[in-house]
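Understanding the architecture of this molecule
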Amino acid sequence: MKSLQRRLFLAFILIMGITLAGLASVLGQTFPVLQDQERKAESEAVARHLDEMGIEMDSTALEELSRKMAEDGSGVAPARFMRLIVIVFAVAFIVTVIVFHRLTERYIRPIDLVTDTTMELAKGNYTARAGWAAPGIQIGLVTAVNALARNLQEMESMRETEAERLETLIANMGSGLLMIGRNSEISMANSFFLDQVGQTEEGLIGSPYKAAWLPEALVTLIDTVSVKEKPVTEQIDIRTDSGNRTMAVYSAPVIDKHGGWLGIVVVMHDISELIRLERVRKDFVANVSHELRTPITSIRGFSETLMDGAIHDEEAAMQFLEIIHGESVRLETLIEDLLDLSKIEKEGYTLRLQSVSVQDVIERSIRSVSGRIKNREMTIESHCPAGLTVKGDPERLVQILVNLLANAVSYSKPGTPIRVVASVSGGMASIAVADKGIGIPTADLPRLFERFYRVDRARSRDSGGTGLGLSIVKHLVDLHGGTIFVESEPGKGSTFTVNIPLSHS
């Protein structure tokens, strides 16, 4: 597209050329008439002059004289006259063109620059600017257009930044987001939602939600919102690669301010962990209540029996008091374990890490359970490489090993041996506690480290256990950055292996 300046300049040249050509043509047509008149006047002047000299000429002689004068001057004056006209008109044309070009350059070119800039802005190129700095009335227009371009560029930059932030927020939010358009086709789904339903963006976007292989419960929820045109909140269970998950789903219609239907938005939040923690909390409260009820019931029952007169029977009274004392010790142990577990699980709990000799930990732990071992006529064999050290809290490491040894003593037959073996494997010190006890069924192994979980509840109470020992052990091992696992076979015994990082790793 030609610029306004060029079009005006070409139009001016064309008009000026036509005008000057017309003037030259008119002058060329009038020149013979003027020339005839001039020759006639000259011949008349010659005749008068001859008449004054006494020479008379008739009309025929006078016409002959005029013809001769015309023949003598023909072809000279017209050519000179036309050459002069051409030169004058050419000079006038050139001067006019130069003046008009300067005028268009000053007053029309800024308009072309502003037009080009606005066209670029319309195309979305907000970096375009009108390059004009000459003073004059046009500078205001150029400045205004450049200011508009800068504002549009800043607005576009802000829009892109906000869009990027929104896209990042939607992609990384901890909840699934699904947008369905007015035509029931899925228009957007973030990565969390895609991961939960096991779909890809290419296979989901643009598909009708009923044909997109979404969970049936979710499709039913969207249908309900579509029919009722009201927000709906439900909990649904969906199957994922990691197992069944519980989702809190909020779905609502999207309606503009004029009441027009725009689609449906679905927000899905994984509450499986909350459900699990709530279940754990309920189980914990129920287990604590049950564990506390047993000793409290015994203490209350035997104390009431003593108050009813059994206190006067010295033998019975002593037996009842021993039972009350034993139950109170058990109650105290349970409360201490609960407080200990609560302190370990508390956020911000830290260990006093240092270089600890594994041999010292094993020896201190064996001394702590030596009384139980002697009463059950059992033996402990230990083996530890010389100089083996780990990075840990010595008191908590002893607590870990004492709990494992106490379990081995409690669930083994009298007279059977217990082995404690330490070794080095993969930058970790492995401490294995093996017994020849009753063993643990394979089905119970995954839940073995849960609070209050017992394989044999009657045997556990008889042994004086609280059901919290292995849970405390698991938490302490995790705090040390280690691992624990168990191998067991019913009737043949169990082996608990604790891995703790070496002091130099």
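Before reading further, recall that the structure is shown in the block above.
Keep in mind that what you see is a predicted model, and the values were worked out from it rather than measured.

This brings us to the sheet that holds strand β4 (residues 243-255). Strand-to-strand pairing in sheets goes through backbone hydrogen bonds, with the strands running parallel or antiparallel. The 5 strands lie next to each other as β2-β1-β5-β4-β3, forming an open sheet whose pairing is antiparallel. Sheet topology places β2 (186-189) and β3 (232-240) at the edges, where each strand pairs with a single neighbour. Recorded for the sheet is a direction-independent mean angle of 25° between the axes of neighbouring strands. Each of β1 (175-181), β3, β4 and β5 (261-270) is contacted by helix α8 (residues 216-228), which is oriented at about 140° to β5, the strand it contacts most.

Quick look at the pattern of salt bridges now. For the structure shown, the criterion picks out 10 salt bridges. With its nearest N and O atoms 2.8 Å apart, the salt bridge here joins Glu156 to Arg159. A residue pair is termed a helical-turn pair when its members lie 3 or 4 positions apart in one helix, as Glu156 and Arg159 do in helix α5 (residues 138-172) at 3 residues. Residues Arg276 and Glu273 are paired through a salt bridge, measuring 2.6 Å at the closest nitrogen-oxygen approach. Here Glu273 and Arg276 lie together in helix α9 (residues 272-307), a separation of 3 residues that amounts to about one turn. Taking relative accessible area as the criterion, Arg276 reaches 38% and is therefore assigned partly exposed. Judged by its relative accessible area of 41%, Glu273 is partly exposed.

We now examine unusual backbone geometry. Backbone geometry at Ser184 places phi at a positive 70°, although glycine is not the residue there. Along the polypeptide, Ser184 turns up in the loop between β1 and β2. Residue Ser184 is classed as partly exposed on the basis of its relative accessible area, which comes to 33%.

With that settled, the discussion passes to helix α15 (residues 469-479). Among all positions of α15, only Gly469, Leu470, Ser471, Ile472, Val473, Leu476 and Val477 are buried. Where α15 ends, the next residue or the one after it, Gly481, has phi of about 75°, a positive value.

Another point: the nonpolar core. Counting 44 residues, the largest nonpolar core has Val358, Ile400, Leu404, Val433, Leu448 and Phe496 as its most contacted members. Listing elements by their share of this core, those giving two or more residues are α10 (314-345), α11 (358-368), α13 (394-410), β9 (417-425), β10 (428-434), α15, β11 (483-489) and β12 (493-501). Broken down by element, the residue count for this core peaks at 8 residues, all from α13. Residues from two domains meet in this core; each of domain 3 (276-345) and domain 4 (354-501) gives at least three. Excluding residues within four positions of it along the chain, Phe496 makes contact with Leu404, Ile431, Ala432, Val433, Ile440, Leu448, Phe449, Leu470, Phe485 and Val486. With 24 residues, the next largest nonpolar core counts Phe193, Leu214, Leu221 and Val225 among its residues.

What counts and what doesn't
Residues numbered from 1 in each chain as written. Predicted model: local features only at pLDDT ≥ 70, side-chain atom pairs only at ≥ 80, totals over all residues. Heavy atoms only, no water. Pairing = 2+ DSSP bridges. Helix = DSSP H or I, 4+ residues; strand = E, 2+ residues; numbered from the N terminus. Axes fitted to C-alpha atoms, helices over the stretch in contact; angles between N-to-C directions. Contact = heavy atoms within 4.5 Å. Salt bridge = Lys/Arg side-chain N within 4 Å of Asp/Glu carboxyl O. Buried < 20%, exposed > 50% of the residue type's maximum accessible area, 1.4 Å probe, protein only. Core = buried A, V, L, I, M, F, W, Y, C linked by side-chain atoms within 4.5 Å. Domains from an automatic or database assignment.

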